[in-house]
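# Tertiary structure, described
Spelled out, the chains give:
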Amino acid sequence: MAKRRLNKQQQWRIEKIQAERTQRAARKERSIDRQLEASELGDEQAGLVIAHFGQQLDVEAREGERAGKVLRCYARANVGNLVTGDRVVWRPAADDTGVIVARQERASLLQRPDNFGQLKPVAANIDHIILVIAPEPEPHHNLIDRYLVAAEITEIPAVILLNKCDLINDRNREQLETLLARYQALDYPVVRTAARPGTGAPEDNPEFEALVRDRTSVFVGQSGVGKSSIIQTLLPNESLRVGGLSESTGKGTHTTTTARLFHLATGGDLIDSPGIREFGLWHMTPQEIEQGFREIRPLIGHCKFRNCRHQGEPGCAIEAAAADGRISPARMQSFRRILYDMAEQQARGLGVVE
Ligand code: GDP
Ligand code: ZN
């Protein structure tokens, strides 16, 4: 990620814009505070952030006469950052707006690095990450492991969903079953579905329905596996685009669209955004990669050398585990490959001059 040097004039302009923004935010804050002081606001009540647009948030009222209604809210500065999925305390103001005065504690937080590598919160209170794979595009175990590593780092449980089950045939069956068995052996639940109408859509699939019922889910995975199609079956009334919602560019992802929370007819919620769908596809450190492999995590610190790179050094605990089958050959290959790819990516990143 190359940083362009700004000339004096550009720098001056940026500083001016930032100063104006700060002033505007301060004015807004004063006006919210004035309203609070003048007691123009209604009583405190529970709400749920369902979308987030800069300073403003859409909050769904969770109780009282407004329950279910969505209000445009501002947050007091002392509330801290807020994201879609946050449970909040808010007070009604004039014209169907509101002021968020507190944030409830989060059960989980999905974060991703911004373009400068700083972790930024994206969505809160997600119960599980549903990693979608399909017979086509053919699943790459390295990529699956990359998503799983990211899920492990985030500490949100991951589930593997095999979509397009109608495309399983005698040519791909064995390979798919072997792959799924490997993850089940690692205690990753596996669920099967087909999002294409007439092929056992999710609404007639009790196992899939049970997966999303009464929980907050996100769907992640490679483009083309059927995430939009699955979401479409869950939210028939939303017009989400099937076939490439991703906004990724060759240089990395620039995702501006906000995460949105949707209620499912079956009960349960879904949070979705292009950024969430690409969850996990960013740079990870070797330490994170070690932590992110469930069967490798307990071995961390057991190599003879503290700076062991697990590449033929004597007394390597990870290689010993691979040799006696505690780590499967596929996962070991994937571990090495992800380490290698990340090192490469970093080396390239450092060399870039714009
Ligand atoms: P996304 O990129 O993961 O959001 O994938 P899409 O939902 O855009 O789907 C990619 C393609 O796969 C589309 O042409 C879908 O119609 C197709 N597709 C999705 N689900 C299924 C399924 O269960 N079976 C079959 N045969 N095709 C599917
Ligand atoms: Zn080692």
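Structure: above.
Presented here is an overview of the structure given in this document. What you are looking at is a predicted structure, and each value in this text was computed from that prediction instead of being measured.

## Quick notes on the overall build of the chain
In terms of helices and strands, the chain carries nine helices and 15 strands. A total of 354 residues make up the chain; the buried ones form 42% of that total. Sequence separation of at least 24 residues holds for 63% of the intrachain contacts in the chain that already meet a minimum separation of 6. When the accessible surface of the chain is totalled, it reaches about 19600 Å², and 48% of it is carbon and sulfur.

## What about empty space enclosed by the protein?
Remark: the empty space left among the atoms is shown by a probe the size of a water molecule rolled over them. Applying the stated rule across the entire model yields one cavity of 30 Å³ or more. In this structure, the largest cavity spans a volume of roughly 70 Å³. Lining the largest cavity are 13 residues, and of these V132, I133, L143, I144 and Q222 sit closest to its centre. Within the residue set of the lining of the largest cavity, elements represented by two or more residues are strand 8 (128-133) and helix 2 (141-154). For the lining of the largest cavity, the residue count by class is ten nonpolar, three polar and no charged.

## Examining the coordination of the zinc ion (ligand 2)
Protein-derived ligands of the zinc ion (ligand 2) are C303 (SG), C308 (SG), H310 (ND1) and C316 (SG), with the metal-ligand distances lying across 2.1 to 2.4 Å. Note that the zinc ion (ligand 2) binds four donor atoms; their angles at the metal cover 104 to 113°, and the shape is tetrahedral.

## Brief notes about the environment of L71
Within the secondary structure, L71 sits in strand 3 (residues 70-75). Judged by its relative accessible area of 0%, L71 is buried. A sequence separation of 25 residues divides L71 from D96, and the C-alpha atoms of the two residues are 5.8 Å apart. In this view, L71 contacts L57, D58, V59, A61, R66, W90, D96 and T97; residues no more than four positions away in its chain are not counted.

## Quick notes on the pattern of salt bridges
A complete count under the given rule lists 16 salt bridges for this structure. R336 serves as the salt-bridge partner of E319, at 2.7 Å between the closest nitrogen and oxygen. Of this pair, E319 sits in helix 8 (residues 317-323) while R336 sits in helix 9 (residues 329-351), placing them 17 residues apart in sequence. A salt bridge links D324 to R326; the shortest N-O distance between them is 3.0 Å.

## Concerning the nonpolar core
Core analysis: the biggest nonpolar cluster contains 52 residues, and L110 and I276 have the highest contact counts within it. Looking at this core element by element, the count peaks at six residues for helix 2. Those residues in contact with L110, other than ones at most four positions away along the chain, are K120, P121, V122, A123, I126, I129, T154, I156, V218, I276 and F279. Membership of the second largest hydrophobic core comes to 19 residues, among which are A134, V191, A195 and F219.

## Describing the packing of aromatic side chains
Enumeration according to the criterion identifies four aromatic pairs in this entry. Here the aromatic rings of Y183 and Y188 are separated by 6.4 Å at their centres, their planes lie at 65°, and the arrangement is edge-to-face. An angle of 75° between the planes, with centres 5.4 Å apart, marks the rings of F293 and F335 as edge-to-face. Taken together, the residues F293 in the loop between helix 7 (286-292) and helix 8 and F335 in helix 9 connect sequence positions 42 residues apart. Take F335: its relative accessible area is 0%, and that puts it in the buried class. Here the guanidinium or amino end of R294 rests over the ring plane of Y188, the centre of that ring lying 3.8 Å away.

## Things to note about a positive patch on the surface
Residues R21, R24, R27, K28 and R30 make up a contiguous surface patch of positive charge. Tracing the chain through its elements places K28 in helix 1 (residues 8-37).

## Concerning the pairing of strand 8
Most of strand 8 is tucked away, with six of its six residues classed as buried. Along strand 8, one buried face is formed by H128, I130 and V132 and the opposite face, lined by I129, L131 and I133, is buried too. Between strand 8 and its parallel partner strand 9 (residues 158-162), the chain crosses via helix 2, and the hand of that crossover is right-handed.

Each value, and the rule that gives it
Residues numbered from 1 in each chain as written. Chains lettered and ligands numbered in written order. Predicted model: local features only at pLDDT ≥ 70, side-chain atom pairs only at ≥ 80, totals over all residues. Heavy atoms only, no water. Helix = DSSP H or I, 4+ residues; strand = E, 2+ residues; numbered from the N terminus. Buried < 20%, exposed > 50% of the residue type's maximum accessible area, 1.4 Å probe, protein only. Contact = heavy atoms within 4.5 Å. Areas by Shrake-Rupley, 256 points an atom, 1.4 Å probe, with all protein chains shown as cover. 1 Å grid on protein atoms, 1.4 Å probe; cavity = no way out; pocket = protein on both sides within 12 Å on 5 of 7 lines; lining within 4 Å. Points joined across faces, edges and corners; volume = space filled by probe spheres on them. Nonpolar A, V, L, I, M, F, W, Y, C, P; charged D, E, K, R; others polar. Donors = N, O, S within 2.8 Å, 3.2 Å for Na, K, Ca; no water. Tetrahedral: all angles 85-135°; square planar, octahedral: opposite > 155°, others 65-115°. Salt bridge = Lys/Arg side-chain N within 4 Å of Asp/Glu carboxyl O. Core = buried A, V, L, I, M, F, W, Y, C linked by side-chain atoms within 4.5 Å. Phe/Tyr/Trp six-rings, centres within 6.5 Å; stacked < 30°, edge-to-face > 60°. Lys NZ or Arg CZ within 6 Å of the ring centre and 35° of its normal. Patch = residues over 30% accessible without salt bridge, like charges linked within 9 Å, V, L, I, M, F, W, Y side chains within 5 Å. Lys, Arg positive; Asp, Glu negative; His and termini not counted. Charge placed at Lys NZ, Arg CZ, Asp CG, Glu CD. Right-handed = clockwise from strand over helix to strand, strands pointing away.

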